[in-house]
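Examining the three-dimensional arrangement
Single-letter residue listing:
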Amino acid sequence: MSVHKNVKRVTTHTLQEMKNKGEKISMLTGYDFSMARIIDTAGIDVILVGDSASNVMAGHETTLPITLDQMIYHASSVVRAVQRALVVVDMPFGSYQGNSKEALSNAIRIMKESGGHAVKMEGGQEVLESIQRILTAGIPVMGHLGLTPQSIYKFGTYVVRAKEKGEADRLIEDAKALEEAGCFALVLEKIPADLATLVAKAVHIPIIGIGAGGGVDGQVLVVHDMLGINNEFNPRFLRKYHNLYQEMLGAFQNYIEDVKSGSFPNEDEQY
Ligand code: KIV
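The structure contained in this document is the topic of the report that follows. Remember, it's a predicted structure, so these values are computed and weren't measured experimentally. Going along each chain's sequence as written, the residues are numbered from 1 onward. With the structure being a predicted model, the display of local features is reserved for residues of pLDDT at least 70 and the display and counting of side-chain atom pairs for 80 or more, all residues being used for whole-chain, interface and lining totals. Note that water and hydrogens are dropped before the side-chain values are worked out from all heavy atoms of the structure.

Now for helix α11 (residues 244–261). For an α-helix the count is 3.6 residues per turn, leaving residues at separations of three or four pointing the same way. In this model, α11 (18 residues) spans 25 Å end to end at C-alpha, consistent with the 26 Å of a helix rising 1.5 Å per residue. The helix count covers DSSP runs of H or I at least four residues long, the strand count covers runs of E at least two residues long, and both are numbered beginning at the N terminus. A positive phi of about 85° marks Gly262, the residue just after α11. To estimate the expected span of a helix, count its residues, drop one, and scale the result by 1.5 Å.

Pairing between strands requires that DSSP locate at least two bridges from one strand to the other. Here strand β1 (residues 25–29) pairs with strand β8 (residues 218–221) via four bridges, running parallel. Within β8, the residue paired with Met27 across the bridge is Val220. Note that strand β7 (residues 207–210) and β8 share two bridges and pair parallel. Bridge assignment links Gly209 to a residue of β8, and that residue is Gln219.

Between 30 and 60 degrees the pair is tilted, below 30 it is stacked and above 60 it is edge-to-face, where a pair is any two Phe, Tyr or Trp rings, Trp via its six-membered ring, whose centres lie within 6.5 Å. Enumeration according to the criterion identifies two aromatic pairs in this entry. Ring centres of Phe233 and Phe237 lie 6.4 Å apart, and the angle between their planes is 70°; on these two criteria the pair is classed as edge-to-face. Remark: exposure states derive from per-residue accessible area (1.4 Å probe, protein chains only) relative to the maximum for the residue type, with buried under 20%, exposed over 50%, and partly exposed in between. Of the residues examined, Phe233 reaches a relative accessible area of 33% and is grouped as partly exposed. Judged by relative accessible area, Phe237 falls into the partly exposed class, the value being 27%.

Another aspect to go through is the site of the ligand. In the vicinity of the ligand, the contacting residues are Thr29, Leu48, Gly50, Asp51, Ser52, Asp90, Lys120, His144, Val187, Glu189, Ile210 and Val222. With respect to the ligand, the side chain of Asp90 contributes an N or O atom lying 3.1 Å from an oxygen atom. In this description, accessible areas are obtained by the Shrake-Rupley approach with a 1.4 Å probe, and a residue is regarded as covered only by the protein chains that are shown. Here the ligand loses 95% of its free accessible area of 260 Å² to cover by the protein chains. When residues are grouped by polarity, Ala, Val, Leu, Ile, Met, Phe, Trp, Tyr, Cys and Pro land in nonpolar, Asp, Glu, Lys and Arg in charged, and all others, Gly among them, in polar. Residues of the shell around the ligand, tallied by class, amount to four nonpolar, four polar and four charged. Here a residue is near a molecule or strand as soon as one of its heavy atoms is found within 4 Å of it. By the criterion applied in these results, polar contacts are pairs of N or O atoms within 3.5 Å in which, for protein atoms, one can donate a hydrogen and the other can accept it, and in which residues neighboring in sequence qualify only through two side-chain atoms.

Our next topic: the side chain of Thr12. By the secondary structure assignment, Thr12 is in helix α1 (residues 12–21). In contact with Thr12, other than residues within four places in its own chain, are Leu86, Pro140 and Phe184. Contact definition: two residues touch when any of their heavy atoms are within 4.5 Å.

Turning our eyes to something else, we now look at the sheet that holds strand β3 (residues 86–90). Judged by pairing direction, the barrel is parallel, and its eight strands sit side by side in the order β1-β2-β3-β4-β5-β6-β7-β8 before closing back on the first. Between one strand and the next, the sheet's axes are offset by a mean angle of 25°, whatever the strand orientation. When strand β2 (residues 46–49) meets β3, the two strands line up parallel, connected through four bridges. When the bridges of β3 are listed, Val49 appears paired with Val89. With axes taken as lines fitted to C-alpha atoms, and helix axes fitted only over the stretch in contact, angles between N-to-C directions fall between 0 and 180 degrees.

Another point: the pairing of β2. A two-sided burial pattern is seen for β2, the buried positions comprising Val46 and Leu48 on one face and Ile47 and Val49 on the other. For β1 and β2, the ladder comprises three bridges, and the chain directions are parallel. Bridge pairing in β2 links Leu28 to Ile47. In the classification by handedness, the crossover that spans β1, the intervening helix α2 (residues 33–42) and the parallel β2 is right-handed. Seen with the strands pointing away from the viewer, any crossover whose path from the first strand over the helix to the second strand runs clockwise is right-handed.

If you trace the backbone, Glu167 turns up in helix α8 (residues 165–181). Each C-alpha atom, one on Glu167 and one on Gly146, is 9.0 Å from the other, the two residues being 21 residues apart in sequence. Every residue in contact with Glu167, bar those within four places of it in the chain, is listed here: Arg161 and Ala162.

This next bit is on the side chain of Asn106. Looking at where Asn106 falls in the secondary structure, it is placed in helix α5 (residues 100–114). Classification of Asn106 as buried rests on a relative accessible area of 16%. For Asn106, the residues in contact, after removing those within four places along its chain, are Leu68, Met91 and Ser95.

A few words now on the packing of helix α4 (residues 68–81) against α5. Direction vectors running N to C along α4 and α5 enclose 35°, while the axes themselves pass 9 Å from each other. Of the two elements, α4 crosses α5, and the hand of that crossing is right-handed. Here Leu68, Asp69, Ile72, Ala75, Ser76 and Val79 of α4 come into contact with α5, specifically with Asn106, Arg109, Ile110, Glu113 and Ser114. Considering only residue class, the contact of α4 with α5 consists of five nonpolar, three polar and three charged. When the near helix sits turned anticlockwise from the far one by under a right angle, the crossing is termed left-handed; a clockwise turn instead gives a right-handed crossing.

Spelled out as structure tokens, the structure:
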């Protein structure tokens, strides 16, 4: 029997109610049908089809190369698996930074072709026009401030952002501007915990943190990282709930051994 019978879908309004009640929001990334089905069945509130697919699914060094078509492919796979969670889809690099009309038509493509429920966009005042235009079409937008990986070549490094007062003040202003524009939630990535707590108190919309401490309204992790599939990524903020790299390696090695030795398939594993 499905655990989803009569399940109530999570909406952007649910997330706001959760913040109002002080109930924490759980969010994980998802990129494919099978993984998304498990994550949704576990009861996650939000699945982010992150442009981190560029790294963990496609093996690129940064999130910049992933295309709109590729994001739509991943998002449509996730949407087919999900019965409860809100599905938020990252707008990829280059699909919203320049021209707000193009940003709107790209956001519409994501919504129409993937069936996702909302889009996420990195940046503050500099992308406000695109955010505002997308919101006019009734598409919910999640903002993303702090370490914004699409700007990695501007930052030069993945270290903690907004440690200095100037950048911290700008981040608070950006958060307020995004709330004012109508974003339904914000991701804050890799900033000091005190600053993230301050932002979560300064705005009314939910703040989801990654490497931003426990004083925010929810947490997000990249699913491959929290499962320990990615052996080489060990930042301080990451809690690994499994060591799937070792487990999978062992399973693959056992399979290879069984095939080579002829012990697979046995009598019961054939017709
Ligand atoms: O693409 C992604 O996975 C993200 C999260 C790190 C928030 O944007």
